[in-house]
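# Notes for the structure review
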Amino acid sequence: MRWLALIWKSLMRSKRRTLLIVGSLVLSVFTVAVLQSLLTTLDAVTNNPNSSNRLVVRHKSGLTQMLPRSYEAYLRQQPEVETVCALQWFGGYYQDPRNFFANFASDETTLFATFKEEFGVAGITEAQMKEYIRDGTGCIVGESLAKKNGWKVGDVVPLTGTIFPINPRLTIRLIFKSPKPSDENVLHFHYKVLEEGVARMKGLCGSFWVRAHRPEDIPRLTERVDRHYANSAYETLTETENAFNLSFVKMLGNIGAIIQGITAAVVVAILIVTGNTMATAIRERTTEIAVFRAMGFSAGRVLALLLAEGVLLVGAGGGLGVLLANLAAGGVRESLGMAMPFFADFAILPDTVLACLAGALGIGVLATFVPAYAATRRPITEGLKAVG
């Protein structure tokens, strides 16, 4: 305890300097933790293991162009295909334009079979599925979305269309729970509602989501589908679901390189700031260190005390930074999870916490060791002469 008291008194020698260095460490660790967690979240979007055997078939010219629903028959005939689901982004909102969430018109007969993992099909009864399929104006919603809006089974949800000129009134027939929070911020309704409400969508859809029997079937199926529709009026672009998601992430630019660049700059900056601060603090205590050694303290023990000061300083800053990042993660999930569903999975993972704390402690040891080692190796007589 006496050593801790001594270390604490040394740190409180200049309270302003201690608070400034801890504050800079808190901000730095917070920034690194949030940025690295963002990178992890985006990586999970483009490397989803549940998507390993799913393909997206869309128009070669872009998502705004439609494909004939008749393509579905050809896709179902392929020996590698398990199910095919027609899907169209609806883009409506509930009550207020700011209350935005993902909503789709989809083929109700194959939706559950195509997205088994996302809908937690194991927890849905056959009766619940049949009830949704039976009701032409029925819809299904994720548990997170239902809780946010206070919905329950049987409630009517009026959607206001933004892309399509219809405002469907949908009855909730199923509230599903998914293993991932991001998959619960979605609403699906019958594709016929869109076809019957918008004349130009009759017989057309934005994309087909194809579930193959095995992941190894994907390459040849992709090549065969695109070759079959090459030079047709509606050419296709077939890609894995992860590749499809990656195309959206790429719209943000080379986000990975940007984040890693910022992280490196923050680490270098805090290393310089911490090193300069510790060097100044130790230089001011040259005489004190010499007195300790004159009293019989070994150079190794004095070095250990100085290193403990640096580690305690950066440990406090790192811990507070990680705590602040965890608090911020909750705010990100609440504020952005509906508009951009993948943010519903945003979290500061244990690996990120450990990496940030280890990095902070490493910086503390490195920034303290060099000036501390030099100070403890300085002759006692030279240190005592520095009294004046």
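Here, the structure is the one placed above.
This report concerns the structure included in the present document. All of these numbers come straight from a predicted model, not from anything done at the bench.

### Here's the deal with the overall build of the protein
- When helices and strands are counted, the protein shows 15 helices and twelve strands.
- Counting all 388 residues of the protein, 48% fall into the buried class.
- The contacts in the protein between residues at least 6 apart in sequence include a share of 79% that link residues at least 24 apart.

### So, the environment of isoleucine 258
- Mapped onto the elements of the fold, isoleucine 258 is located in helix 11 (residues 255-283).
- In sequence terms isoleucine 258 and leucine 35 are 223 residues apart; their C-alpha atoms lie 9.7 Å from each other.

### Here's the deal with the pattern of salt bridges
- Scanning all chains against the criterion turns up 24 salt bridges.
- Arginine 224 is the partner of glutamate 80 in a salt bridge, and the nearest nitrogen-oxygen pair spans 2.6 Å. Separated by 144 residues along the polypeptide, glutamate 80 in the loop between helix 3 (71-77) and strand 3 (81-89) and arginine 224 in helix 9 (residues 218-228) bring together distant segments of the chain.
- Note on glutamate 80: relative accessible area 6%, which makes it buried.
- The salt bridge partner of lysine 177 is glutamate 143, with a shortest N-O separation of 3.2 Å. On the criterion of sequence distance, the pair formed by lysine 177 in the loop between strand 8 (169-176) and strand 9 (186-190) and glutamate 143 in helix 7 (residues 143-149) is long-range, its members being 34 residues apart.
- Its relative accessible area of 21% is what places glutamate 143 among the partly exposed residues.
- Each of Arg54, Glu82, Lys116, Glu117, Glu118, Arg211 and Glu241 takes part in salt bridges that share partners, so that together they form one network.

### Topic: the packing of aromatic side chains
- According to the stated counting rule, one finds 14 aromatic pairs in the structure shown.
- Where phenylalanine 115 meets tryptophan 209, the ring centres are 5.8 Å apart and the plane angle is 55 degrees; that geometry is what we call tilted. Remark: tryptophan 209 occurs in strand 11 (residues 207-212) and phenylalanine 115 occurs in the loop between helix 4 (111-114) and helix 5 (116-119); sequence separation between them is 94 residues. By the burial criterion, phenylalanine 115 is buried, and tryptophan 209 matches it.
- Of the aromatic side chains, those joined through ring pairs into one cluster are Phe112, Phe115, Phe119, Tyr132, Phe176, Trp209 and Phe244.
- Of note, arginine 69 hangs over the ring of tyrosine 191, and the distance from its end group to the ring centre comes to 4.8 Å.

### Observations concerning a nonpolar patch on the surface
- Taken together, the side chains of Val311, Leu361, Val365, Phe369, Val370 and Tyr373 make up a nonpolar region of the molecular surface, amounting to roughly 470 Å² of accessible area.
- Per-element tally for the nonpolar patch: the top contributor is helix 14 (residues 350-376), with five residues.
- Summarising the element assignment, tyrosine 373 is placed in helix 14.

### As for the state of the cysteines
- According to the stated counting rule, one finds zero disulfides in the structure shown.
- With no disulfide partner, cysteine 205 has as its closest neighbouring cysteine sulfur the one in cysteine 85, 9.1 Å distant.

### So, the side chain of asparagine 242
- Tracing the sequence through the fold places asparagine 242 in helix 10 (residues 241-249).
- A residue is classified by how much of its surface remains accessible, and asparagine 242, at 16% relative accessible area, is buried.
- Not counting residues up to four positions away in its chain, the partners in contact with asparagine 242 are Val45, Thr46, Asn47, Asn48 and Ser51.

### A short note on unusual backbone geometry
- In this structure, glutamine 95 is a non-glycine residue whose phi angle is positive, near 70 degrees.
- With respect to the helices and strands, glutamine 95 occurs in the loop between strand 4 (93-94) and strand 5 (102-106).
- In this structure, asparagine 231 is a non-glycine residue whose phi angle is positive, near 70 degrees.
- Structurally, asparagine 231 can be placed in the loop between helix 9 and strand 12 (236-240).

### Overview of helix 14
- With 27 residues, helix 14 should cover 39 Å at 1.5 Å per step; its first-to-last C-alpha distance of 37 Å lies within 8% of that length.
- Residue phenylalanine 369 marks the point of greatest curvature in helix 14, where the axis turns by about 35 degrees; the proline proline 371 follows within four residues.

### Here's the deal with the packing of helix 2 (residues 15-46) against helix 10
- Viewed as axis vectors pointing N to C, helix 2 and helix 10 meet at an angle of 140 degrees, and their least axial separation amounts to 7 Å. Relative to helix 10, the element helix 2 lies oblique. Facing Leu42, Val45 and Thr46 of helix 2, the residues of helix 10 in contact are Asn242, Asn245, Leu246 and Val249.
- For the contact of helix 2 with helix 10, the per-class residue count stands at four nonpolar, three polar and no charged.

### A word on the packing of helix 13 (residues 299-336) against helix 14
- Interaxial distance between helix 13 and helix 14 falls to 8 Å at its minimum, and their mutual angle equals 155 degrees. Between helix 13 and helix 14, the interaxial angle falls into the category roughly antiparallel. In the crossing of helix 13 with helix 14, the sense of the turn from one axis to the other is right-handed.
- Residue composition of the contact of helix 13 with helix 14, grouped by class: 17 nonpolar, eight polar and no charged.

### Notes on the sheet that holds strand 8
- The strand order across the open sheet built from ten strands is 4-7-8-6-9-5-3-11-1-12, with neighbouring strands paired in mixed fashion. Two strands close off the open sheet at either side, each with one partner strand: strand 4 and strand 12.
- With five bridges joining them, strand 1 (residues 54-59) and strand 11 adopt antiparallel strand pairing. Bridging from a neighbouring strand, valine 56 pairs with tryptophan 209 of strand 11.

The rules behind the values
- Residues numbered from 1 in each chain as written.
- Predicted model: local features only at pLDDT ≥ 70, side-chain atom pairs only at ≥ 80, totals over all residues.
- Heavy atoms only, no water.
- Helix = DSSP H or I, 4+ residues; strand = E, 2+ residues; numbered from the N terminus.
- Buried < 20%, exposed > 50% of the residue type's maximum accessible area, 1.4 Å probe, protein only.
- Contact = heavy atoms within 4.5 Å.
- Salt bridge = Lys/Arg side-chain N within 4 Å of Asp/Glu carboxyl O.
- Phe/Tyr/Trp six-rings, centres within 6.5 Å; stacked < 30°, edge-to-face > 60°.
- Lys NZ or Arg CZ within 6 Å of the ring centre and 35° of its normal.
- Patch = residues over 30% accessible without salt bridge, like charges linked within 9 Å, V, L, I, M, F, W, Y side chains within 5 Å.
- Areas by Shrake-Rupley, 256 points an atom, 1.4 Å probe, with all protein chains shown as cover.
- Disulfide = S-S within 2.5 Å.
- Expected span 1.5 Å × (residues − 1).
- Bend = angle between axes of the 7 residues up to and from the residue.
- Axes fitted to C-alpha atoms, helices over the stretch in contact; angles between N-to-C directions.
- Parallel < 35°, antiparallel > 145°, perpendicular 65-115°, else oblique.
- Nonpolar A, V, L, I, M, F, W, Y, C, P; charged D, E, K, R; others polar.
- Left-handed = near helix turned anticlockwise from the far one by under 90°.
- Pairing = 2+ DSSP bridges.

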